[in-house]
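A structural walkthrough
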Amino acid sequence: MLDFFTIFSKGGLVLWCFQGVSDSCTGPVNALIRSVLLQERGGNNSFTHEALTLKYKLDNQFELVFVVGFQKILTLTYVDKLIDDVHRLFRDKYRTEIQQQSALSLLNGTFDFQNDFLRLLREAEESSKVRAPTTMKKFEDSEKAKKPVRSMIETRGEKPKEKAKNSKKNKGAKKEGSDGPLATSKAVPAEKSGLPVGPENGIELSKEELIRRKREEFIQKHGRGMEKSSKSSKSDAPKEKGKKAPRVWALGGSANKEALDYSAPTANGAPEGAPPEDINLIRGTGSGRQLQDLDCSSSDDEGVAQNSTKPSATKGTLGGMFGMLKGLVGSKSLSREDMESVLDKMRDHLIAKNVAADIAVQLCESVANKLEGKVMGTFSTVTSTVKLALQESLVQILQPQRRVDMLRDIMDAQRHQRPYVVTFCGVNGVGKSTNLAKISFWLLENGFSVLIAACDTFRAGAVEQLRTHTRRLHALHPPENHGGRAMVQLFEKGYGKDAAGIAMEAIAFARNQGFDVVLVDTAGRMQDNAPLMTALAKLITVNTPDLVLFVGEALVGNEAVDQLVKFNRALADHSMAQTPRLIDGIVLTKFDTIDDKVGAAISMTYITSKPIVFVGTGQTYCDLRSLNAKAVVAALMKA
């Protein structure tokens, strides 16, 4: 049973609607428009909203959308056929009204389609019932039942007559009883190898015995060389050992703690002294107050562009004219066959740029659905049309529904006299602590005080790393420049403690001391580690941070999809809240190591519909950028 079926234009005018139940279809259809149609995610013609499954079809020629909704627990096999039939009949019946393409004509038009729809629905339901259920094949109908029992019995030592018959089928097999020179030449290797030769070890050998004999012959041929090489390596080993003398340690292995401990004990909130290193090298160049847009252009782009323009001047004008006119389609309606070759090249290009394979397929499928049936201009080629549509889709994907503005949200939290809490999570080794320090420096440059909560109580050296960053940030923003107030402090309780409890204490400490922002550093964990994912879900559920940032590398391809999907799934499964808290944004690190292979940005935003808030481009505190969607797409589409 269908819940609803609606037909509306891409401009938002509802032309006709069928309600199977009393509930309104406005909410599910609006969710489909927001999450799929506006976000260029039309690779799959199915969408799930709460308890409903929505299937849709686009008519790009007349700018129409056909949507059907039904309960997702039902398996309706006739839905696809029903959409096609309704689409074909509605377009043919009201072609003149739709072709006027004016909102006034659509509003004034009367689309009496109820009886036609009910007839098509009844035919589709009956056609699904007419199909006979598939029955399992009986043993009597199989090929195996037709064979005699004797032919299926296999014995170890078969008769020579049966073997001779089987050997005739193989081109390389010899006839039984042949005493020619071929038979004698085959017996020579067996005699040389010392194996017994008899009627059971001759031509009538089984497959296992042939494999065993060939293995023994191979070992006898090549085993001597391997023994010689092993002997020579053993003989050279004492010489190599004799070259290097064993190292004698000065302390003799009996050093005390004081000799090896180079850290000074500090309490929570106590500032440390300035580091001896050059702080300007750590800070980096550029303004830390304003985040710059990401620049994806490489230094070789200008040289390549200049070299590419030189050969074009030598071409003849006649050849250039024919080359320009080649491939023009002139007011043609695009079909799947026209776009197939271009989309295949685009898909391979996206995968080569580090876009996940599944997402590249869905992107190309979305572009095909968007362009199928669309009438092209007179001077347009299929390649340029598909490429332009793909660029628009990629830019739309990198600009998700919600934009994260941390500075505005922090000022809003200040008005409510509470700290703004940010939690960082991700897999091991992606740069959570380093980018947390970069974001701390950016916040300090904008005049906000920061408390860093060391909730990574698992990795050795995690607290010391944050302590070093705090000391350097304190040197860049000393209390003398801020009226004697320490702008950055570290809250840590050591190792082996409960991370959720430490985060709760840090938030309470920040509220009492008047800190503006709390940055919570968590331990790196793989997405398949259930105990650590449960601990992360507990930390987020108990402390309810304002922002949950997933830190991911720009180097990963298909792994990015797996990480984000399983992180969100684990946070939802292990959360104790009725509406679990998931990832709110993404921090993309190591972007300076990938050149123009920027596909991980597309993969992460496509799979989560969440924005990329920060991009890490280096090792200094100023190497933090905001995402420039057009620059990323230009680098992605560059050949």
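Residues numbered from 1 in each chain as written. Predicted model: local features only at pLDDT ≥ 70, side-chain atom pairs only at ≥ 80, totals over all residues. Heavy atoms only, no water.

As recorded in an unreviewed UniProt entry, the chain goes by the name Signal recognition particle receptor subunit alpha, listed as coming from Eschrichtius robustus. One UniProt comment on the chain, placed under Subunit (unreviewed entry), says "Heterodimer with SRPRB. Interacts with the signal recognition particle (SRP) complex subunit SRP54." As its UniProt record puts it under Sequence similarities (unreviewed entry), the chain is described as follows: "Belongs to the GTP-binding SRP family." (UniProt positions renumbered as here; feature names shortened; annotations may be inferred.)

Attention now moves to the pairing of strand E10 (residues 517-521). Within a regular strand, the side chains alternate between the two sheet faces. Taken across its five residues, E10 has five buried, putting it largely inside the fold. Going residue by residue along E10, you find Val517, Leu519 and Asp521 tucked away on one face and Val518 and Val520 tucked away on the opposite face as well. Where strand E7 (residues 420-425) lies against E10, five bridges are found, and the strand directions are parallel. In the sheet register, valine 422 faces E10, and the bridge partner there is leucine 519. Both strand E8 (residues 450-454) and E10 contribute to a ladder of five bridges, which runs parallel. Looking at E10, one finds that alanine 454 is bridged to aspartate 521. (Buried < 20%, exposed > 50% of the residue type's maximum accessible area, 1.4 Å probe, protein only. Helix = DSSP H or I, 4+ residues; strand = E, 2+ residues; numbered from the N terminus. Pairing = 2+ DSSP bridges.)

So, on to the packing of aromatic side chains. All chains considered together, the criterion is met by 16 aromatic pairs. With centroids separated by 5.5 Å and ring planes inclined at 85°, the aromatic side chains of tryptophan 16 and phenylalanine 113 adopt a geometry described as edge-to-face. With tryptophan 16 in strand E2 (residues 14-19) and phenylalanine 113 in the loop between helix H4 (103-108) and helix H5 (114-130), this pair connects stretches of sequence that are 97 residues apart. One exposure class covers both tryptophan 16 and phenylalanine 113, and it is buried. A connected cluster of aromatic rings, assembled from ring pairs, spans Phe5, Trp16, Phe18, Phe66, Phe90, Tyr94, Phe111, Phe113 and Phe117. (Phe/Tyr/Trp six-rings, centres within 6.5 Å; stacked < 30°, edge-to-face > 60°.)

Attention now moves to helix H21 (residues 499-513). Between its terminal C-alpha atoms H21 stretches 21 Å, which fits the 21 Å expected from 15 residues at 1.5 Å a residue. Elements that come into contact with the buried residues of H21 comprise E7, E8, strand E9 (488-491), E10 and helix H22 (530-543). Trailing H21 by a residue or two, glycine 514 shows a phi angle of about 80°, which is positive. (Expected span 1.5 Å × (residues − 1). Contact = heavy atoms within 4.5 Å.)

The next subject is the nonpolar core. Counting 114 residues, the largest nonpolar core has Val386, Met406, Leu443 and Phe614 as its most contacted members. Not counting residues within four places of it along the chain, the set of residues in contact with leucine 443 comprises Met406, Leu407, Ile410, Phe448, Val450, Val517 and Leu519. Judged by nonpolar contacts, the second largest core, of 26 residues, contains Tyr78, Val86, Phe113 and Ala124. (Core = buried A, V, L, I, M, F, W, Y, C linked by side-chain atoms within 4.5 Å.)

Glancing now at the sheet that holds E2. Sheet architecture is open: five strands sit in the order E2-E1-E5-E4-E3, paired in antiparallel fashion. Edge strands, defined here as strands with exactly one partner in the open sheet, are E2 and strand E3 (46-49). The mean angle between the axes of side-by-side strands here comes to 20°, regardless of whether they run parallel or antiparallel. Bridge count for strand E1 (residues 4-9) against E2 is five bridges, and the pairing is antiparallel. The residue bridging phenylalanine 4 from the neighbouring strand is glutamine 19, located in E2. (Axes fitted to C-alpha atoms, helices over the stretch in contact; angles between N-to-C directions.)

Moving on to the pattern of salt bridges. In total, this model carries 26 salt bridges according to the counting rule given. A salt bridge links lysine 93 to aspartate 116, with the shortest nitrogen-to-oxygen separation between them at 2.4 Å. Here lysine 93, found in helix H2 (residues 79-93), pairs with aspartate 116, found in helix H5; they are 23 residues apart in sequence, far enough to count as distant. With a relative accessible area of 17%, aspartate 116 lands in the buried category. (Salt bridge = Lys/Arg side-chain N within 4 Å of Asp/Glu carboxyl O.)

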